[in-house]
Structures are given as structure tokens and as C-alpha cells.
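Chain residues, written in single-letter form:
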Amino acid sequence: MKLSKEAQKLKNDYAKQWRLKNPGKGHKYLINYWERQAKEQFVINPEAVTLNPEAVTLNPEAVTLNPEAVTLNHEAINQKVILKCENCYISFNAKRIDAKFCSPACRQSYHRR
């Protein structure tokens, strides 16, 4: 988007005034955005974690977790996700849970139809 110098100056002045009226607000939105992105990327397989009910203590200020009471099932963590390609309908081991295609070639072929 190309703006004229006058329009760019007005846009910059508006942004500067907004930042003065709302200190830290833009930064807060940016932090919230990246926190949501991190949560979406980090998905825990429920079979991978075994939690002892005595390990969790709830109080109004914080949740504490006894690290000795948590055990990880490493086989479930390293378990492959098997999905079906939307282009060629062949099952494949996906690196990500949201993968749709078995290869870049299948992805391109699907979108060129």
C-alpha cells in the first residue's frame, strides 16, 4: 500500500497520539497474540502424561505441582501421528497434527486443481 506523504504523515501522527493515550496497550496485544500462538503450537497428548491426584495442590493464589509426582510416557510423546493425504488419500506419518498433505508436491497438485 503506497500512501502519499501527507497521508503517511497523518497516519503516523494518529499512531503516535494513540500510543500516547494507550501506553503499553499495543505491546499487551502483541504479547497476547504470541502467547495464543505458542499454546496452539504446543499440544500435549493426554496419553503422554500421567498425573498423580496427590501431586496437585490448589490454593487461591497459585497452583503448585510436585515434580516428583509427574511421570511422562515417552513412547506416547514420540508416537507418530498417522493421517490421510487430502490429495492422494495415502496414509502418512505427519510431523504436525494439522498436516493435510503427505508432501509439498501433493499440496501443490491439490491447490492447482
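Here's what I pulled together on the structure shown here. (Residues numbered from 1 in each chain as written. Predicted model: local features only at pLDDT ≥ 70, side-chain atom pairs only at ≥ 80, totals over all residues. Heavy atoms only, no water.)

Section: the pairing of strand E5 (residues 81-84)
Bridge analysis of E5 against strand E6 (residues 91-94) gives 4 bridges, and the strand direction is antiparallel. Of the residues in E6, the one forming a bridge with Ile82 is Asn93. The turn linking E5 back onto E6 is made up of 6 residues, and Tyr89 within it adopts a positive phi angle of 60°. (Pairing = 2+ DSSP bridges. Helix = DSSP H or I, 4+ residues; strand = E, 2+ residues; numbered from the N terminus.)

Some thoughts on the nonpolar core
Most often, soluble globular proteins keep nonpolar side chains buried together rather than apart. Counting residues in hydrophobic clusters, the biggest one holds 5 residues: Cys85, Phe92, Ala94, Phe101 and Cys106. Filtering out sequence-adjacent residues up to four positions away, Ala94 remains in contact with Val81, Leu83 and Ala99. (Core = buried A, V, L, I, M, F, W, Y, C linked by side-chain atoms within 4.5 Å. Buried < 20%, exposed > 50% of the residue type's maximum accessible area, 1.4 Å probe, protein only. Contact = heavy atoms within 4.5 Å.)

Quick look at the side chain of Asn87
Tracing the backbone through its elements, the reader meets Asn87 in the loop between E5 and E6. A relative accessible area of 14% places Asn87 in the buried class. Looking at Asn87, its side chain comes within polar contact range of the side chain of Arg113, at 2.4 Å. Discounting chain neighbours no more than four positions away, the residues touching Asn87 are Phe101, Cys106, Ser109, Tyr110 and Arg113. (Polar contact = N/O pair within 3.5 Å; in protein donor to acceptor, adjacent residues only side chain to side chain.)

What about the pattern of salt bridges?
Under the counting rule described, the total for this entry stands at 2 salt bridges. One salt bridge connects Lys9 with Asp13, and the closest N-O pair in it is separated by 3.1 Å. Taken together, the positions of Lys9 and Asp13, both in helix H1 (residues 5-21) and 4 residues apart, correspond to about one turn of that helix. Between Asp98 and Arg96 there is a salt bridge whose closest N-O contact spans 2.9 Å. On the accessibility criterion, Asp98 (45% relative accessible area) is partly exposed. Judged by its relative accessible area of 46%, Arg96 falls in the partly exposed class. (Salt bridge = Lys/Arg side-chain N within 4 Å of Asp/Glu carboxyl O.)

Side note on the environment of Phe92
Its place among the elements puts Phe92 in strand E6. Sequence spacing of Phe92 and Ser103 is 11 residues, and the spatial spacing of their C-alpha atoms is 9.4 Å. Apart from residues no more than four positions distant in its own chain, Phe92 is found in contact with Val81, Ile82, Leu83, Lys84, Cys85, Ala99, Lys100, Phe101 and Cys102.

So, unusual backbone geometry
Non-glycine residue Tyr89 carries a positive phi angle of around 60°. Following the sequence through the fold, Tyr89 ends up in the loop between E5 and E6. The class for Tyr89 is exposed, based on a relative accessible area of 56%.

Re the environment of Asn93
Its place among the elements puts Asn93 in strand E6. According to the relative accessible area criterion, Asn93 is partly exposed, its value standing at 48%. The spatial distance from the C-alpha of Asn93 to the C-alpha of Ile82 is 4.6 Å, given a sequence separation of 11 residues. Those residues in contact with Asn93 that sit more than four places away from it in its chain are Lys80, Val81 and Ile82.

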